[in-house]
2 protein chains.
Amino acid sequence: MAVYTDITEDELIRFLAAYEVGSLTSYKGIAEGVENSNFLLHTTKGAYILTLYEKRVNADDLPFFLGLMHHLAERGLSCPLPLPRADGKLLGTLSGRPAAVISFLEGMWLRKPEAQHCREVGRALASMHQAGEGFPLKRPNALSVEGWRSLWRNSEARADEVQAGLKDEIATELASIEEHWPKDLPEGVIHADLFPDNVFFLGDRLSGLIDFYFACNDFLAYDVAICLNSWCFEKDGSYNITKGMALLSGYESVRRLTAEEDEALPLLARGSALRFFLTRLYDWLMTPPGALVVKKDPLEYLTKIRFHRAIVSSAEYGLRREEAPA
Amino acid sequence: MAVYTDITEDELIRFLAAYEVGSLTSYKGIAEGVENSNFLLHTTKGAYILTLYEKRVNADDLPFFLGLMHHLAERGLSCPLPLPRADGKLLGTLSGRPAAVISFLEGMWLRKPEAQHCREVGRALASMHQAGEGFPLKRPNALSVEGWRSLWRNSEARADEVQAGLKDEIATELASIEEHWPKDLPEGVIHADLFPDNVFFLGDRLSGLIDFYFACNDFLAYDVAICLNSWCFEKDGSYNITKGMALLSGYESVRRLTAEEDEALPLLARGSALRFFLTRLYDWLMTPPGALVVKKDPLEYLTKIRFHRAIVSSAEYGLRREEAPA
């Protein structure tokens, strides 16, 4: 939740001259997105989102993100569409930062999603995985298993400040996950951050997916594991298997998980819980007290890591497979 | 710049059922307003602002603020209009807070206003003063001269932390202003906070005034003094008399200042600079380091106090009066 950069109406109007968006009538900084500055624009032609990419986003990745949104939208996925400039490019420069104008997607993210919404999310995630096929650019997942150790090194020494014993527990966990991480699962473009605040609904109908700024190439089932973590746990830390069943069956109504993915799911879920634990721990320890950012509690994800460690089979997440005939 | 309270779409939809605003399609927390939580709503009927009044606003004052906006809008002033609920009331309750739905005013506030905009602001301020006539509710100005001493008592002991010598300088200043403060000037409803971020423009045309949450009954010329402070100084602390002339002549094109107001203006300007200095100093010293608020530098207003102290006549602000015939 942040607006890092303010802009004057003069520079904004000059910037917008390269787009076919009509005349600007209003712009407001909005309290969404942690990495970038976002403004909601009203013009004589409608509503748009203006995003200014701040330092935490690598400018070299922007063609991947914006190109992907374009690719997905062309293949029928409902997601924000970056508008082309008069020169055909999707990126411009505003206030010294890379900036894009993106179509405004009506809808609201659900603060309290229910099982039926989890089903919709599962279905949309699988549709995204299919729509991502053929996208020519590649972006490795810097926040997958190869990246966790260096992330951990930055927080390791101070981990016990957050909770006694954390240093040893995470070291063991990380080593175990590294050792067993799968090598050969179906790959493709994943969203990698499909939390509830990145999925819009109009009533109970999913209206679109947003925020592709962690998207990358990785195991498709890892994306499913991220959604199990972000959609199917209750505030008290308990796993809601009804939501898990809904999410997984929604996903499988579009794309069926292979036997290898089914088998790998508990480990992928542990790994993705560790990934969010590690980035939250780092932010928790490193964010200066005065920063205009709400820090998220890493311990929420410690609870999830422990839960997944005890899982033996994907059936415990709610994945349904026919019994072999007797 | 803050969203203090988040709301779920369920409670928002229930809350909106009492208004004739169509169906909700989107809501975003916006980074405007320091005292309240503001959301920009899109519905099938258009755009609206939802304001949740947080603790810093006294709920007893809300009928004054909302009633005033209604009164001003009915008299042709362009300002946001609070929408009535099915029961005729302007206020409801959302997330345990008083809340109002307000018409959305297109326009942008100017980060770098020029003299022509100052003229428009002067004209709009005088129009507001006239439109406020006949508004039956009263609200004393708690942040005028009677309130400054108690505000000062809360910061006095630590003032020299901000700048050496500040404690003595402000004590002398406050005593002098209290002694000479005018007793009998034209009164009415004033905006009391008409800074550039509270005035919207479409192109060079002023499209409306917003944020009436400091409005109160006080000397009309005190409101003019606040605008001289907030519109006519440059970032380097210098007074721009071209802007001052424009603001004052714009004001006088609608309502002419009396001889007593003309004479009192330097003292009113000193007093209003002291008022913003004192509240900023208090916030500067008292805001905890982790708070999600941008603190404004009180010293900007110390420079202004010193400037006004050296002013002998309103002509130095740019107020033009005919010479007496020779």
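All values derive from a computational prediction rather than experimental measurement. (Residues numbered from 1 in each chain as written. Chains lettered and ligands numbered in written order. Predicted model: local features only at pLDDT ≥ 70, side-chain atom pairs only at ≥ 80, totals over all residues. Heavy atoms only, no water.)

Side note on the overall build of chain A
Now for step 1: When you go through chain A residue by residue, the secondary structure sums to 10 helices and 10 strands.
Now for step 2: Whereas a compact globule of 326 residues would reach a radius of gyration of roughly 20 Å, chain A reaches 20 Å, a difference of no more than 12%.
Now for step 3: Looking at chain A residue by residue over its 326 residues, the buried ones come to 56%.
Now for step 4: Element-wise, carbon and sulfur atoms account for 52% of the exposed surface of chain A, whose accessible area totals about 14100 Å².
Now for step 5: Charge separation in chain A, taken as the distance between the mean sites of 35 positive and 46 negative side-chain charges, equals 2 Å. (Helix = DSSP H or I, 4+ residues; strand = E, 2+ residues; numbered from the N terminus. Rg over C-alpha atoms; globule rule 2.2 N^0.38 Å. Buried < 20%, exposed > 50% of the residue type's maximum accessible area, 1.4 Å probe, protein only. Areas by Shrake-Rupley, 256 points an atom, 1.4 Å probe, with all protein chains shown as cover. Lys, Arg positive; Asp, Glu negative; His and termini not counted. Charge placed at Lys NZ, Arg CZ, Asp CG, Glu CD.)

Here's the deal with the domain arrangement of chain A
Residue and element names in this part refer to chain A.
Now for step 1: Segmentation of chain A into domains returns domain 1 (9-103) and domain 2 (115-317).
Now for step 2: Every contact between the two is made by 21 residues of domain 1 and, on the other side, 23 residues of domain 2.
Now for step 3: Buried area between domain 1 and domain 2, summed over both chains or domains, comes out near 1800 Å², and the portion from carbon and sulfur atoms is 72%.
Now for step 4: Among the residues domain 1 hides against domain 2, the three largest losses belong to Phe64, Phe65 and Leu77. Together they make up 32% of the total.
Now for step 5: For arginine 139, the salt bridge identified is with aspartate 61, shortest N-O distance 3.2 Å.
Now for step 6: Between domain 1 and domain 2 we count six residue pairs in polar contact (both at pLDDT 80 or more) in total.
Now for step 7: Listing elements by their share of the side of domain 1 that touches domain 2, those giving two or more residues are β3 (46-53) and α2 (62-74).
Now for step 8: It is α2 that contributes the most residues to the side of domain 1 that touches domain 2, nine residues altogether.
Now for step 9: Looking at the side of domain 1 that touches domain 2, its residues break down into 12 nonpolar, five polar and four charged. (Domains from an automatic or database assignment. Contact = heavy atoms within 4.5 Å. Buried area = accessible area lost by both parts, 1.4 Å probe. Salt bridge = Lys/Arg side-chain N within 4 Å of Asp/Glu carboxyl O. Polar contact = N/O pair within 3.5 Å; in protein donor to acceptor, adjacent residues only side chain to side chain. Nonpolar A, V, L, I, M, F, W, Y, C, P; charged D, E, K, R; others polar.)

Observations regarding the environment of A:Ala315
Residues and elements named next belong to chain A.
Now for step 1: Relative to the elements of secondary structure, alanine 315 occurs in the segment after α10 (299-309).
Now for step 2: A residue is classified by how much of its surface remains accessible, and alanine 315, at 37% relative accessible area, is partly exposed.
Now for step 3: A C-alpha to C-alpha distance of 17 Å links alanine 315 and arginine 255, two positions 60 residues apart in sequence.
Now for step 4: When sequence neighbours within four positions are dropped, the list of residues in contact with alanine 315 reads Ile241 and Arg320.

Overview of the pattern of salt bridges
Residues and elements named next belong to chain A.
Now for step 1: With the rule as written, the count across this model stands at 34 salt bridges over all chains.
Now for step 2: A salt bridge links arginine 158 to glutamate 161; its shortest N-O distance comes to 2.8 Å.
Now for step 3: Here the salt bridges do not stand alone but share partners, grouping Glu169, Glu173, Arg270, Arg306 and Arg309 into one network.

Things to note about the sheet that holds strand β9 (residues 205-209) of chain A
Residue and element names in this part refer to chain A.
Now for step 1: Taken in spatial order, the three strands make up an open sheet running β6-β8-β9, and their pairing is antiparallel. Looking at which strands have only one partner, the edges of the open sheet turn out to be β6 (108-109) and β9.
Now for step 2: With four bridges connecting them, strand β8 (residues 199-202) and β9 associate as antiparallel partners. Residue pairing for β9: leucine 202 is matched across the bridge by arginine 205. (Pairing = 2+ DSSP bridges.)

Brief notes about the pairing of strand β8 (residues 205-209) of chain B
Now for step 1: Of all five residues in β8(B), four are buried; the element is thus mostly enclosed.
Now for step 2: As consecutive antiparallel partners, strand β7 (residues 199-202) of chain B and β8(B) are separated by two residues, and within that stretch B:Gly203 has a phi angle of approximately 60 degrees, a positive value.

Some points on the pairing of strand β1 (residues 24-29) of chain A
Residues and elements named next belong to chain A.
Now for step 1: With six of its six residues buried, β1 lies for the most part within the structure.
Now for step 2: Here β1 runs beside strand β2 (residues 36-43); their pairing, made up of five bridges, is antiparallel. When the sheet's bridge partners are listed, tyrosine 27 is paired in β2 with leucine 41.

Focus: the side chain of A:Ser155
Residue and element names in this part refer to chain A.
Now for step 1: Topologically, serine 155 is positioned in helix α4 (residues 145-155).
Now for step 2: Since its relative accessible area comes to 1%, serine 155 is described here as buried.
Now for step 3: With sequence-adjacent residues up to four places away left out, serine 155 is seen in contact with Leu281, Tyr282 and Leu285.

Observations concerning unusual backbone geometry
Now for step 1: Not every positive phi belongs to a glycine, and A:Asp211 is a case in point at roughly 60 degrees.
Now for step 2: Mapped onto the fold, A:Asp211 is located in the loop between β9 and β10 (216-219).
Now for step 3: Overall, A:Asp211 belongs to the partly exposed group, its relative accessible area being 23%.
Now for step 4: Residues other than glycine seldom take positive phi values, yet B:Ser95 does so here, at roughly 55 degrees.
Now for step 5: In this structure B:Ser95 comes out as partly exposed when scored by relative accessible area, which is 24%.

Quick look at the sheet that holds β2(A)
Two pairing modes exist for strands in a sheet, parallel and antiparallel, and in both the strands are linked by backbone hydrogen bonds.
Residues and elements named next belong to chain A.
Now for step 1: Spatial ordering of the open sheet is given by β1-β2-β3-β5-β4, a layout of five strands whose pairing is antiparallel. Of all the strands in the sheet, the pair left with one neighbour each is β1 and β4 (92-94). Adjacent strand axes in the sheet meet at a mean angle of 35 degrees when their direction is disregarded.
Now for step 2: Pairing analysis gives eight bridges linking β2 to β3, with the strands arranged antiparallel. Within β3, the residue paired with threonine 43 across the bridge is glycine 46. (Axes fitted to C-alpha atoms, helices over the stretch in contact; angles between N-to-C directions.)

Considerations on the packing of aromatic side chains
Residues and elements named next belong to chain A.
Now for step 1: Taken as a whole, this structure holds 28 aromatic pairs over all chains when the rule is applied.
Now for step 2: Judged by centre distance (5.4 Å) and plane angle (85 degrees), the ring pair of phenylalanine 233 and phenylalanine 307 falls under edge-to-face. Taken together, the positions of phenylalanine 233 in the loop between α7 (220-231) and α8 (241-252) and phenylalanine 307 in helix α10 put the pair 74 residues apart, joining distant regions of the chain.
Now for step 3: The exposure class of phenylalanine 233 is buried, given its relative accessible area of 10%.
Now for step 4: Residue classification places phenylalanine 307 among the partly exposed positions, given a relative accessible area of 27%.
Now for step 5: Feature note: the residues Tyr53, Phe64, Phe65, Phe135 and Tyr213 constitute an aromatic cluster, connected by ring pairs.
Now for step 6: When the ring centre of tryptophan 109 is taken as origin, the NZ or CZ atom of arginine 111, which lies over that ring, is 3.8 Å away. (Phe/Tyr/Trp six-rings, centres within 6.5 Å; stacked < 30°, edge-to-face > 60°. Lys NZ or Arg CZ within 6 Å of the ring centre and 35° of its normal.)

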